[in-house]
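# Summary of structural features
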Amino acid sequence: MRAPWWPTILGLEGLDLTNDPVDPGRRTYMGISERYQPRWIGWSQIDAGDWYIATASAYQWYFERWHYLCCPDFTHEGLAMKLFDQSVLFGVSRPVKWLQEALATLTIATIPIDGLIGPRTLATIALLKPSGAQAAQVLMGHDAANLHLANDAGPRSKYLAGHLIRAGRIYS
């Protein structure tokens, strides 16, 4: 079962095929880049002009990779949404590490900062009260913004404003 926020997040990615030379992913559809996912079945569907099937393939692709965000063990919906959104933007490992660092800051739990959602990460998430989950979202957002600011002089700095607007739409 897909979480009700999936269409919101993927809608922000847009249903347009992009090929921005500044974007290291190059050709991208719904946040899936051909450079990093060259074997995704949707590329052949896009090349054939079958956008409906390509969109369905994108939803399936995300579901197969982020199903743990929809499982009952992930106890905070807002935190799951934040993690999913940042995973679309930055790949999975980096946002999971940001989450783990936020959890280590907000709790006394010792969890590995390994970029993998495992039983210890899920157990620590389950310990959070709603205010703690919101704080973790804020800390994760700061890490994402800092990543962009660190790259401010680079050509990808043009994406910072869009990511901040996106975060405001989703998390406010």
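Placed above this text is the structure.
To keep things clear, this report deals only with the structure shown in the data block. What you see is a predicted model; the values in this text were computed from it and never measured. (Residues numbered from 1 in each chain as written. Predicted model: local features only at pLDDT ≥ 70, side-chain atom pairs only at ≥ 80, totals over all residues. Heavy atoms only, no water.)

## Let's talk about the pattern of salt bridges
If you walk through the whole model with that rule in mind, you get 2 salt bridges. The partner of E34 in a salt bridge is R27, with the nearest N and O atoms 2.9 Å apart. E34 gets classed as partly exposed once you look at its relative accessible area, which sits at 29%. With a relative accessible area of 16%, R27 lands in the buried category. Across the pair D47 and R27 runs a salt bridge whose closest N-O atoms are separated by 2.9 Å. Residue D47 is found in helix α2 (residues 42-47), and its partner R27 is found in strand β2 (residues 27-29); the two are separated by 20 residues along the sequence. Salt bridges sharing common partners tie together R27, E34 and D47. (Salt bridge = Lys/Arg side-chain N within 4 Å of Asp/Glu carboxyl O. Buried < 20%, exposed > 50% of the residue type's maximum accessible area, 1.4 Å probe, protein only. Helix = DSSP H or I, 4+ residues; strand = E, 2+ residues; numbered from the N terminus.)

## Quick word on the packing of helix α4 (residues 77-90) against helix α5 (residues 93-106)
Helix-helix packing is characterised by the crossing angle of the two axes and by the distance between the axes. The contact between α4 and α5 brings their axes to 7 Å, and the two run at 145°. Of the residues in α5, those in contact with L79, L83, Q86, S87 and F90 of α4 are R94, P95, V96, W98 and L99. For the contact of α4 with α5, the class distribution of residues is 7 nonpolar, 2 polar and 1 charged. (Axes fitted to C-alpha atoms, helices over the stretch in contact; angles between N-to-C directions. Contact = heavy atoms within 4.5 Å. Nonpolar A, V, L, I, M, F, W, Y, C, P; charged D, E, K, R; others polar.)

## Regarding the side chain of H76
Among the secondary structure elements, H76 is positioned in the loop between α3 (51-66) and α4. Judged by its relative accessible area of 11%, H76 falls in the buried class. A distance of 2.8 Å separates a polar side-chain atom of H76 from the backbone oxygen of L128. (Polar contact = N/O pair within 3.5 Å; in protein donor to acceptor, adjacent residues only side chain to side chain.)

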